[in-house]
Amino acid sequence: MRFDIISIFPEMFEIIHAGGVVGRALEKHHFALQTWNPRAYTTDNRKTVDDRAYGGGPGMVMMAEPLEKTLTAIKQDQSKVGPVVLLSPHGRRFDQQMAINLLQHEQITLVCGRYEAVDQRFIERNVDLEISLGDFVLSGGEIPAMAMIDAMVRLIPGVLGDKDSAQQDSFMDGLLDCPHYTRPEIYENSVVPSVLLGGNHAIIEGWRREQSLLATQLRRPDLIEAARKKGLLSSKDELFLKSIQA
Ligand SMILES: C[S@@+](CC[C@H](N)C(=O)[O-])C[C@H]1O[C@@H](n2cnc3c(N)ncnc32)[C@H](O)[C@@H]1O
């Protein structure tokens, strides 16, 4: 998987090299990342990438040409070019399923907007998909791009130490993850659930499944409904859900 990122603040992505799961994955070549600054594809001395909006109003608009020239440079550099994604509050809300689907591509270009907007003609001519991190407005697309990269990279086989770690994460089976505990066994008078200390893996798995169902029912009942529709709930799950509702 290769990410090509168009951003006027490429230095923001240096944080990825700092370490953690994603930094180590980059070091071990589980994925590749290249930043492209549209200022390098301008023709004036000031390397202008934005201008005032037609029709007036506050804020500047990112010009289509430097962005499009950057995209052309990416295409010339690559034999395989996948979807061009614009980070935007107008986009489809990013989620785990989208992370899984996007991983099918060998390459993705992420375009990070800045200022008030990106010229609509660049979007119409070049963007395959607009993705939003949520219903709020950030100053730029860099943080959403990094969030997407993080979510996707941890799904690449071999990136997480334990191959089952990602599978047990929230959303992977349609539910929220169960609660977890570590040492000490008693912390400030609060005790680890005894089932986790018994060593019976089948019973522990059963308890974890129930705790996942409970957390999801309490916090995200919409996910329970979606899991039901997708046939992800067993008759045992349904019995448990009935019992907690009662
Ligand atoms: C200040 S925002 C522009 C917001 C725009 N005027 C609007 O109201 O929709 C600048 C850039 O930040 C990025 N951005 C802001 N919020 C985002 C979000 N929730 N998800 C993804 N990208 C976002 C986009 O790339 C956007 O072009």
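All of these numbers come straight from a predicted model, not from anything done at the bench. (Residues numbered from 1 in each chain as written. Predicted model: local features only at pLDDT ≥ 70, side-chain atom pairs only at ≥ 80, totals over all residues.)

A few words now on the domain arrangement of the protein chain. Many structure descriptions define interface size as the accessible area lost when the parts assemble. Parsing the protein chain into structural domains produces domain 1 (2-153) and domain 2 (170-245). In this structure, domain 1 and domain 2 have C-alpha centres spaced 37 Å apart. (Domains from an automatic or database assignment.)

So, on to the sheet that holds strand β6 (residues 107-112). Taken in spatial order, the 5 strands line up as β2-β1-β6-β5-β8 in an open sheet, and their pairing is parallel. Looking at the sheet topology across the chains shown, the edges are occupied by β2 (32-36) and β8 (129-132). For this sheet, the mean angle separating the axes of adjacent strands, direction not counted, is 35 degrees. Pairing of strand β5 (residues 84-93) with β8 involves 5 bridges; the strand directions are parallel. (Pairing = 2+ DSSP bridges. Helix = DSSP H or I, 4+ residues; strand = E, 2+ residues; numbered from the N terminus. Axes fitted to C-alpha atoms, helices over the stretch in contact; angles between N-to-C directions.)

With omega at 5 degrees, the peptide bond leading from Arg 183 into Pro 184 counts as cis. Of note, Pro 184 is situated in the loop between α5 (142-153) and β9 (186-187). Notably, His 29 is not glycine yet its phi reads approximately 60 degrees, a positive angle. With respect to the secondary-structure elements, His 29 resides in the loop between α1 (20-27) and β2.

Quick look at the environment of Leu 129 now. Here Leu 129 lies in strand β8. In the structure, Leu 129 is positioned 43 residues away from Leu 86 in sequence and 6.4 Å away in space, judged by C-alpha atoms. Leaving out residues up to four positions away in the same chain, Leu 129 has contacts with Pro 83 and Val 85. (Contact = placed C-beta atoms within 7 Å.)

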